[in-house]
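Below, each chain spelled out in residue letters.
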Amino acid sequence: YQRRVHGENCLKRLAEMKKPFKYIVTVVIMQKTGAGLHSAFTAYWDNSADGVCSVPYENDTIHCITTVYGLKLD
């Protein structure tokens, strides 16, 4: 539930900027138990127009990685 709400809030704020982009938002939330967490992506896109931003967050109980992909619309 938290992932969906967080992702929807990100998309809403991005859409409010009214930029000519299509956005993809992924959210990973994992309880801290001592296990490792790795995240990776690969893409085939226009490096001059498209991009990605990944923001990690953690506190005493969770790891969270929010990643936003921006794909420019022609």
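Here, every reference points to the structure presented above.
Computed from a predicted model, the values in this text were never measured in an experiment. (Residues numbered from 1 in each chain as written. Predicted model: local features only at pLDDT ≥ 70, side-chain atom pairs only at ≥ 80, totals over all residues. Heavy atoms only, no water.)

### Some details on the packing of aromatic side chains
Part 1 of the reasoning: If you walk through the whole model with that rule in mind, you get 3 aromatic pairs.
Part 2 of the reasoning: Considering the side-chain rings of phenylalanine 41 and tryptophan 45, the 6.2 Å spacing of their centres and the 45° angle between planes classify their relative orientation as tilted.
Part 3 of the reasoning: On the basis of relative accessibility, which here comes to 42%, the residue phenylalanine 41 falls in the partly exposed class.
Part 4 of the reasoning: Among the residues examined, tryptophan 45 registers a relative accessible area of 23% and is labelled partly exposed.
Part 5 of the reasoning: Judged by centre distance (5.5 Å) and plane angle (75°), the rings of phenylalanine 41 and tyrosine 69 are edge-to-face. Linking phenylalanine 41 in the loop between β1 (21-31) and β2 (51-58) with tyrosine 69 in strand β3 (residues 62-72), this pair joins segments that are 28 residues apart in sequence.
Part 6 of the reasoning: Note on tyrosine 69: relative accessible area 15%, which makes it buried.
Part 7 of the reasoning: An aromatic cluster is present here, built from Phe41, Trp45 and Tyr69 joined pairwise through their rings. (Phe/Tyr/Trp six-rings, centres within 6.5 Å; stacked < 30°, edge-to-face > 60°. Buried < 20%, exposed > 50% of the residue type's maximum accessible area, 1.4 Å probe, protein only. Helix = DSSP H or I, 4+ residues; strand = E, 2+ residues; numbered from the N terminus.)

Scope: geometric values only; no functional claims are made or implied.
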